[in-house]
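Chain residues, written in single-letter form:
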Amino acid sequence: MRRSPAFTMFALTLAVLLGAVVIAGLGRGAEPVAGDGFGGGGRVVVRDASLVLTMDPKLGTGALGQLADADVLLDGNRIKAVGKDLDAGGAKVVDGRGKIVLPGFVDVHNHLWQSLIRGCAADDNVDGWLGRCVLPLYGAPVTGQDAYAGARLSTVDLVGTGVTTVTDWSHAFNTGFADGNLRALADSKMRFVFSYGASADPAVQEAVRTAKKRFIDPNPLANLEIGSHPSSGNFSNLDASEKLARELGVPLNVHLLESKNDAATGQMDALRKADALQPGLVANHVVHPTDAELDELAAHDVRVAHNPLSNMRLASGIAPVPDMLKRHMKVGLGLDGGTNDTSDMYNVMRAAVGLQRAKYVDPAAQPTVAEVLRMATLGGAEVLGLDREIGSLTPGKKADLQIVDPQQINFAPNVAWLNQLVFNTQPSNVQWVFVDGRALKRDGRVVGVDTAQVIRDAQAAADHLKQLLPE
Ligand SMILES: [Zn+2]
């Protein structure tokens, strides 16, 4: 069939316009990631990094295993080698000169959906905040779309600040909500631990088993925990959750002694009765234990998620972190969702150091600068039982790391970089973030994310939640 010249011109114009739209679309959101050497699977070398904190004392000097002017070679999803003048033939090169390289942060406690309630009930303590911003959502029509939007925003924020592993204690208000939450985690390409808030309801238990098969088992970046809340009034749910955790061979994860009121609810007794005081149990907060309770937790190798910004915001108190460290307990750092209102682990490190110094009026109070850097990385991996795979730049471990640029107004000049790393770093200094060998942040930008769309979706979800919460 013949076409008229006018029709041909029309078709050509349309094709050019469509092409322009496609190219514009690529420029906004869908950046090419795979195939350029930084999308995972290949070899990448960070060349001549001015400072490398390996967190492995065998690899360098001091407790943090420091190296100067060193290379870090990634091969596929693992760290191949760390040292000077590495043979890195064929590897893509990131210029490390003037930069600091350290493991990605391990956030041991968060609630990703809670970015949707940032700023909520800012004048309340934990019980008031829960009552106004969280508990009314049980039984309410919150959706998978809501969960996805909140978790999506949070994960983009986390990657931007150098967090490579996140523990998401999900309230899992309904199965659709949990699924949306898990889909956002998978799409983030972060390493994650999903703490599925469970109960004694057989339908919920079955939903957990199904989620494990659908979302956790097929994804090498995914891990599962069972989330619960110990108290004498909630014992049947705790007991069933502990049994489910054992059935699935995963840890239990609980909020423990967060507020002064918690002790009176029989939390420790409930854990004892459910035989849940086991190595691997993750206890969030532990702000108000007695010395005897700390001894008991330490004796059972219970791990602690310390969330200083959340504890400050909710007027919960100051966790006895020095007493935990003296007992050689495993302690990591957490952001704790909406009560913290930030995803910035550098901010959490400053709070963890500053709170104890202020409490004891002692600049030598634990954690020290070196200790808090370890807590945010290898210490967090130990809390989650993942320290054989992540937390340090030990060759053979997974390639989860961040590259910090100190040559910026808020960080320069170079006086005492290790101290400045804790006291000066802002998320904008984090230039590169690798998870499993894949660059999720590159040259200061989180890769492949349409930020404006993420914010629009989060706003829609936050507006929806607002309708479901009391004034
Ligand atoms: Zn929490």
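What comes next is a walk through the structure. (Residues numbered from 1 in each chain as written. Predicted model: local features only at pLDDT ≥ 70, side-chain atom pairs only at ≥ 80, totals over all residues. Heavy atoms only, no water.)

All right, on to the nonpolar core then. Membership of the largest hydrophobic core comes to 111 residues, with the highest contact counts inside it found for Ile226 and Leu373. Here Ile226 is in contact with Tyr196, Ala198, Val208, Ser241, Leu244, Ala245, Leu248, Val250, Pro251, Leu252 and Asn253, once residues within four sequence places are set aside. One finds Val46, Leu74, Val101 and Ile403 within the second-largest nonpolar core, a separate group that totals 20 residues. (Core = buried A, V, L, I, M, F, W, Y, C linked by side-chain atoms within 4.5 Å. Buried < 20%, exposed > 50% of the residue type's maximum accessible area, 1.4 Å probe, protein only. Contact = heavy atoms within 4.5 Å.)

This part is about the packing of helix α4 (residues 175–188) against helix α5 (residues 202–216). To characterise two packed helices, one gives the angle between the axes of the helices and the distance between these axes. α5 packs onto α4 with a crossing angle of 25° between their chain directions and a minimal axis gap of 11 Å. With respect to their mutual orientation, α4 and α5 come out roughly parallel. In the packing of α4 onto α5, the handedness of the crossing is right-handed. Contact residues: Thr175, Asp179, Leu182 and Arg183 in α4; Ala207, Ala211, Arg214, Phe215 and Ile216 in α5. Residue composition of the contact of α4 with α5, grouped by class: 5 nonpolar, 1 polar and 3 charged. (Axes fitted to C-alpha atoms, helices over the stretch in contact; angles between N-to-C directions. Helix = DSSP H or I, 4+ residues; strand = E, 2+ residues; numbered from the N terminus. Parallel < 35°, antiparallel > 145°, perpendicular 65-115°, else oblique. Left-handed = near helix turned anticlockwise from the far one by under 90°. Nonpolar A, V, L, I, M, F, W, Y, C, P; charged D, E, K, R; others polar.)

At their nearest, the axes of α5 and helix α6 (residues 235–248) sit 11 Å apart, and the two run at 25° to each other. Considering the angle they form, α5 stands roughly parallel to α6. Judged by the twist between their axes, the crossing of α5 over α6 is right-handed. Counted together, Gln205, Val208, Arg209 and Lys212 of α5 and Ala240, Ser241, Leu244, Glu247 and Leu248 of α6 form the full contact between these two elements. Partitioning the contact of α5 with α6 into residue classes produces 4 nonpolar, 2 polar and 3 charged.

Right, let's get into the packing of aromatic side chains. In the structure shown here, the tally under the stated rule is 8 aromatic pairs. Geometrically, the ring pair formed by Phe105 and Tyr346 is edge-to-face, given 4.9 Å between the ring centres and 75° between the ring planes. Linking Phe105 in strand β6 (residues 105–110) with Tyr346 in helix α11 (residues 345–360), this pair joins segments that are 241 residues apart in sequence. For Phe105, a relative accessible area of 0% puts it in the buried group. A relative accessible area of 0% places Tyr346 in the buried class. Aromatic side chains Tyr138 and Phe173 sit 4.9 Å apart centroid to centroid with 70° between the ring planes, which places their arrangement in the edge-to-face category. Placement of the pair is Tyr138 in the loop between α2 (126–133) and α3 (144–160) and Phe173 in the loop between β7 (163–170) and α4, with a sequence separation of 35 residues. (Phe/Tyr/Trp six-rings, centres within 6.5 Å; stacked < 30°, edge-to-face > 60°.)

What follows concerns the sheet that holds β7. Taken in spatial order, the 8 strands line up as β6-β7-β8-β9-β10-β11-β12-β13 in an open sheet, and their pairing is parallel. Sheet topology places β6 and β13 (331–333) at the edges, where each strand pairs with a single neighbour. Pairwise comparison of adjacent strand axes, ignoring direction, gives a mean angle of 25° for this sheet. (Pairing = 2+ DSSP bridges.)

Let us now look at the pattern of salt bridges. Here the structure, examined in full by the defined rule, presents 24 salt bridges. Taking the shortest distance from any N to any O, the salt bridge between Arg78 and Glu389 comes out at 2.8 Å. With Arg78 in strand β3 (residues 78–83) and Glu389 in the loop between α12 (369–383) and β14 (401–404), this pair connects stretches of sequence that are 311 residues apart. Between Arg118 and Asp157 there is a salt bridge, with the nearest N and O atoms lying 2.9 Å from each other. Of this pair, Arg118 sits in the loop between β6 and α2 while Asp157 sits in helix α3, and the two are 39 residues apart along the sequence. Residue classification places Arg118 among the partly exposed residues on the basis of a relative accessible area of 38%. Residues joined in a network through salt bridges with shared partners are Arg78, Glu389 and Lys398. (Salt bridge = Lys/Arg side-chain N within 4 Å of Asp/Glu carboxyl O.)

Here Ser188 shows up in helix α4. One polar contact links the side chain of Ser188 to the main-chain amide nitrogen of Met190, over a distance of 3.0 Å. Setting aside its immediate chain neighbours within four residues, Ser188 contacts Arg152, Thr155 and Leu440. (Polar contact = N/O pair within 3.5 Å; in protein donor to acceptor, adjacent residues only side chain to side chain.)

A few words on helix α14 (residues 451–468). End to end, α14 covers 26 Å across 18 residues, agreeing with the expected 26 Å (1.5 Å per residue, within 8%). Within the span of α14, buried status applies to Val454, Ala458, Ala461, Ala462 and Leu465. Considered in projection along α14, the buried side chains sweep an arc of 105° and stay on one side of the axis. Along α14, exposed side chains directed more than 90 degrees from the buried face belong to Lys466 and Gln467. Elements that come into contact with the buried residues of α14 comprise α3. (Expected span 1.5 Å × (residues − 1). Arc of directions from axis to C-beta.)

Just geometry here; none of it tells us what the structure is for.
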